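A structural walkthrough
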Amino acid sequence: MPSSAGQRPWGWLAAGRASRRLVLVVVFVALLLDNMLLTVVVPIVPTFLYTTEYHGTNSSGAPAQAPLAAPASNAPPPSFVFYSDTTTVTSLGSRGTVGSGTRSSLPPQLPPSSPPPGSCLEGEEFLAEENVRVGLLFASKALVQLVVNPPVGLLTNRIGYHIPMFIGFTIMFLSTVMFAFSGTYTLLFIARALQGIGSSFSSVAGLGMLASVYTDDSERGNAMGIALGGLALGVLIGAPFGSVMYEFVGKSSPFLVLALLALLDGALQLCILQPSKISPESSKGTPVSTLLRDPYILTAAGALCFSNMGVAMLEPTLPIWMMQTMCSPKWQLGLAFLPASISYLIGTNLFGILANKMGRWLCSLIGMAVVGISLLCVPLAKTIYGLIGPNAGLGFAIGMVDSSVMPLMGYLVDLRHTSIYGNVYAIADVAFCVGFAIGPSTGGAVVRALGFPWLMIIIGATNIAYAPLCWYLRSPPAKEEKIAILSQECAMQTKSYTPQKTLQDLPLPDGSDVEAEDME
C-alpha cells in the first residue's frame, strides 16, 4: 500500500504530461493572464499619473499661498479666510474694513458655481500632454512584441515550445510585480515593455504547442477556440477588475492578484509540461517574405490591423476624455469598456460558426463597417450610459472580424501556399501588434492636436473605407502549383476508377470460357 500511494503522484504527473487537455488549460491561463494585464492598466494609469504628478506639483505651491492669505484676513470673519484664495476675494480683502458685513456675503455665493467644474479634473494642458504619454506607454507593449515575435518564432523551431513557454511565464510574473510597485512613469513604461517580451514568448509558444498537440484539424480548431476564449475573457474582465480594485482597495491590489494567477500558471507548467525538453520542428512552411507578397493575405491582415486599431486608440484616450467631459470617478473608467468586452466574447463565439455559412469575407466586410459606425458614435455620448451602445457595437464587430479573418488566413495558406500555419499566424499576430502599437501612440498625439472627436472620425472613416476591400477575399484564386497538385489528384482518382469498369466487363467472357471448359 505505501508503495502504491507513493507512486500515485508520479503516475498523476506522467498522466498530466501526456494529457492534451491540461496543456490546453496551461495555454488558456497564460492568455488570460496576458490579456488581463493588457487591459487592467487602462483605467489605472491615467488617474494614477494625474494623482501623483499633477497633484504632486500643485500641492507644493499650496502651502506658499496659505501665509499670504492669513495677514489679509485679520478684520473679516473666519468665513472670509476660506475663500481668500480667489482674486475677487483678495481685492475685497484690501477694503474689508469698510462694510465688512455687507462684503462678506458675496464670497459664499461663489462656491455654488465652482463645484460643478471643480468636480471634474483640472489642468487641461497636463491632461493633453498625458494623452501622448499614456498612449506611448500602452503602445510600448505592442512595439516590443512586434520586434520580439520573429526571433521567438525561430527559437521555437530550434528548441521546441516548452522552454520558451516557461520563459514567458517568468517574464510575465516579473512584469506584473513591477506594475504593482512602480510609482513613476519610467518604471511603468519598463514594466509595460517587459510585458511585451513575456507576451511574445507565451503566445507564440502556447499556440504552437496547441497546434503540435492537436494534430486533427477539427480538434485543433476547437482547441484554438477554447484558448482564444482565455484571450476574450481577459479582455472582458481586465478593465472593470482594475478600476474597481483601484478605487476600493488600492493601486497594487489588482497586480498582486494577477501575480498569484501567474504563479498558478507556472506551477501548472512545472507539473504538466517539460521545460527541459528540446524538440525542434522538422517541417518548414512558406517563408514569411513570400506570404507578405500575397495580396490576399495582406488584405486579411489589414482588416485585423485597422479593426483592432480602433479599440487600441480608445484605451488611452477614452478614460481621459471621460475625466474631462463626464467628470467620471475612477471605477467608471474601466466599466466603460465592459459592453465592448461582453459583446466581443459573444461575437467571437457566434460568428466562429456563422462565418463559414455566411461567407467569411462578408462577415469581415460587415464587421469593419460596423466598427467604423460605432467609433463615429462614441463622441456623441454625454454620460457613461451613452457609451454602452457604441462600445457594444464596437466589441461585437471586432469579434466578427477576428473570428472570420483568423480561419480565413489558414484557408489562404491551404489554397495558395504550403499547409504550414506558423508563419501566417505570426503575420496575423504582427498585424494585431501593429494596430495596438500605432493606435495608442498616434491617438494621443491626434487628441492633443485636433481633439478626441476628430480622432474617432478619422479612425472610423478609415475602417469604413477599408471595408470594401474585404470583397476581394470572396473567391481568391489558387496558385498554379496548387492547381497542378489538385489536377494530379483528380487524375489519379479517375485512373483508379477506370480499371474497375474494365474489370466489370472482362470477367463475363472469362467466366463463361471457364464454365464452358468445365461443361466439356
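Before any of the text, the structure's been laid out above.
The structure reproduced in this document is the subject of the present report. (Residues numbered from 1 in each chain as written. Predicted model: local features only at pLDDT ≥ 70, side-chain atom pairs only at ≥ 80, totals over all residues. Heavy atoms only, no water.)

1. Looking at the nonpolar core
Threshold: What we call a nonpolar core is a set of buried Ala, Val, Leu, Ile, Met, Phe, Trp, Tyr and Cys residues that are connected through their side-chain atoms within 4.5 Å. For every residue, the accessible area (1.4 Å probe, protein chains only) is compared with the maximum for its type, and the residue is labelled buried under 20%, exposed over 50%, or partly exposed between those bounds. Only DSSP runs of H or I covering at least 4 residues are called helices, and only runs of E covering at least 2 are called strands; the numbering of each starts at the N terminus. Two residues qualify as a contact provided that any one of their heavy atoms is within 4.5 Å of a heavy atom in the partner residue.
With 83 residues, the main nonpolar core has Leu 314, Leu 318, Met 322, Leu 387 and Met 409 as its most contacted residues. Take this core: its biggest share by element is 15 residues, from helix α14 (residues 295–325). Aside from chain neighbours lying at most four places away, what touches Leu 318 is Phe 337, Val 378, Leu 387, Asn 391 and Phe 452.

2. A short note on the pattern of salt bridges
Filter applied, for reference: In the sections that follow, a salt bridge refers to a side-chain nitrogen of Lys or Arg positioned within 4 Å of a carboxyl oxygen of Asp or Glu.
Under the criterion given, the structure shown has two salt bridges. Lys 141 is the salt-bridge partner of Asp 34, the closest N and O atoms lying 3.9 Å from each other. In this pair, Asp 34 is assigned in helix α2 (residues 20–40) and Lys 141 in helix α8 (residues 124–159), connecting sequence segments 107 residues apart. Both residues of the pair, Asp 34 and Lys 141, count as buried. Across the pair Arg 416 and Asp 294 runs a salt bridge, and its minimum N-O distance is 2.8 Å.

3. What about α14?
As a reminder, the rule being used: Multiplying 1.5 Å by the helix residue count minus one yields the expected span of that helix. Across the chain, bend at a residue is computed as the angle between axes fitted to the seven residues ending at that point and the seven starting from it.
The end-to-end C-alpha separation of α14 is 43 Å, in line with the 45 Å expected for 31 residues at 1.5 Å each. Most pronounced at Glu 315, the bend in α14 amounts to some 45 degrees, and the proline Pro 316 follows within four residues. Burial analysis of α14 places 25 of its 31 residues in the buried class, which makes it a mostly covered element.

4. Comments concerning the packing of aromatic side chains
The condition that has to hold: In this scheme Phe, Tyr and Trp rings, the latter by its six-membered ring, pair at centre separations within 6.5 Å, and the angle between planes marks the pair as stacked below 30 degrees, edge-to-face above 60, and tilted otherwise.
Applying the stated criterion to the full structure yields eight aromatic pairs. Both rings, one in Phe 306 and one in Tyr 466, keep their centres 5.2 Å apart while their planes meet at 45 degrees; by these two values the pair is tilted. With a gap of 160 residues between them, Phe 306 in helix α14 and Tyr 466 in helix α20 (residues 452–466) connect regions that are remote in the sequence. We classify Tyr 466 as buried; its relative accessible area is 13%. Judged by centre distance (5.6 Å) and plane angle (80 degrees), the ring pair of Trp 471 and Tyr 472 falls under edge-to-face. For Trp 471, a relative accessible area of 42% corresponds to the partly exposed category.

5. Overview of the side chain of Ser 441
The following threshold applies: Any pair of N or O atoms that falls within 3.5 Å is considered a polar contact. Within protein, one atom must be able to donate a hydrogen and the other to accept it, and sequence-neighbouring residues count only if both atoms are side-chain atoms.
By secondary structure assignment, the location of Ser 441 is in helix α19 (residues 422–449). Of the polar contacts made by the side chain of Ser 441, one reaches the backbone oxygen of Ile 438; its length is 3.1 Å. The contacts of Ser 441, once residues within four sequence positions are left out, are Gly 135, Leu 136 and Ala 139.

6. A word on a nonpolar patch on the surface
The criterion, for reference: Patch building starts from residues that exceed 30% relative accessible area and form no salt bridge, then joins like charges within 9 Å and nonpolar side chains (Val, Leu, Ile, Met, Phe, Trp, Tyr) within 5 Å. For accessible areas, the Shrake-Rupley method is used with a probe of radius 1.4 Å. Any residue's cover is judged against the shown protein chains and nothing else.
Together, Ile 373, Leu 376, Leu 450, Trp 454, Ile 457, Ile 458 and Ile 464 give the surface a local cluster of nonpolar side chains, amounting to about 630 Å² of exposed area. Of all the secondary-structure elements, those providing two or more residues to the nonpolar patch are α17 (360–377) and α20. It is α20 that contributes the most residues to the nonpolar patch, four residues altogether. Inspection of the secondary structure assignment puts Leu 376 in helix α17. Leu 376 gets classed as partly exposed once you look at its relative accessible area, which sits at 33%.

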